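Coordinates in review
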Amino acid sequence: MSNRRSRQSSIDPRISDDQIIDLVTKLRQILPEIGQRRRSDKVSASKVLQETCNYIRNLNREVDNLSERLSQLLESIDEDSPEAAVIRSLLM
């Protein structure tokens, strides 16, 4: 029991300020809207997080739309065709 307690107390679930800064910097680099700005343009961490959420929502919408289009395409072609096999592999 004391072993378990000592292990739990040695693991700090909180994230450090430096880790947060590092993560926000990485998000800035990969977000299209923010990554295209000049280095001199300052963007707050909260703005980066909002843009990240919006970007993820948009990506999810795109995935849903593409899946729907692939499903429709699959319905319109012969089930046994090579094209159908490719589409099925994309949907999985």
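Reading the values: rules and limits
Residues numbered from 1 in each chain as written. Predicted model: local features only at pLDDT ≥ 70, side-chain atom pairs only at ≥ 80, totals over all residues. Heavy atoms only, no water. Helix = DSSP H or I, 4+ residues; strand = E, 2+ residues; numbered from the N terminus. Buried < 20%, exposed > 50% of the residue type's maximum accessible area, 1.4 Å probe, protein only. Contact = heavy atoms within 4.5 Å. Areas by Shrake-Rupley, 256 points an atom, 1.4 Å probe, with all protein chains shown as cover. Patch = residues over 30% accessible without salt bridge, like charges linked within 9 Å, V, L, I, M, F, W, Y side chains within 5 Å. Salt bridge = Lys/Arg side-chain N within 4 Å of Asp/Glu carboxyl O. Lys, Arg positive; Asp, Glu negative; His and termini not counted. Charge placed at Lys NZ, Arg CZ, Asp CG, Glu CD. Polar contact = N/O pair within 3.5 Å; in protein donor to acceptor, adjacent residues only side chain to side chain. Core = buried A, V, L, I, M, F, W, Y, C linked by side-chain atoms within 4.5 Å.

Right, let's get into the overall build of the chain. Scanning the chain from N- to C-terminus turns up five helices and zero strands. Secondary structure elements of the chain occur, N-terminal to C-terminal, as α-α-α-α-α. Relative to its 92 residues, the chain shows a buried fraction of 12%. Considering only contacts within the chain whose residues lie at least 6 apart along the sequence, 11% involve residues at least 24 apart. Carbon and sulfur atoms make up 52% of the accessible area of the chain, which amounts to about 8,200 Å² in all.

Below, the discussion takes up a negative patch on the surface. A cluster of acidic residues, Asp78, Glu79, Asp80 and Glu83, forms a negative patch on the protein surface. Note that glutamate 83 resides in helix 5 (residues 82-91). For glutamate 83, a relative accessible area of 49% gives the class partly exposed.

A word on the side chain of serine 81. One can find serine 81 in the loop between helix 4 (45-76) and helix 5. At 2.9 Å, the side chain of serine 81 forms a polar contact with the backbone oxygen of aspartate 78.

Core analysis: the biggest nonpolar cluster contains five residues, these being Val24, Leu31, Ile34, Val43 and Val48. Among all residues touching leucine 31, those that are not within four sequence positions of it are Val48, Glu51, Thr52 and Tyr55.

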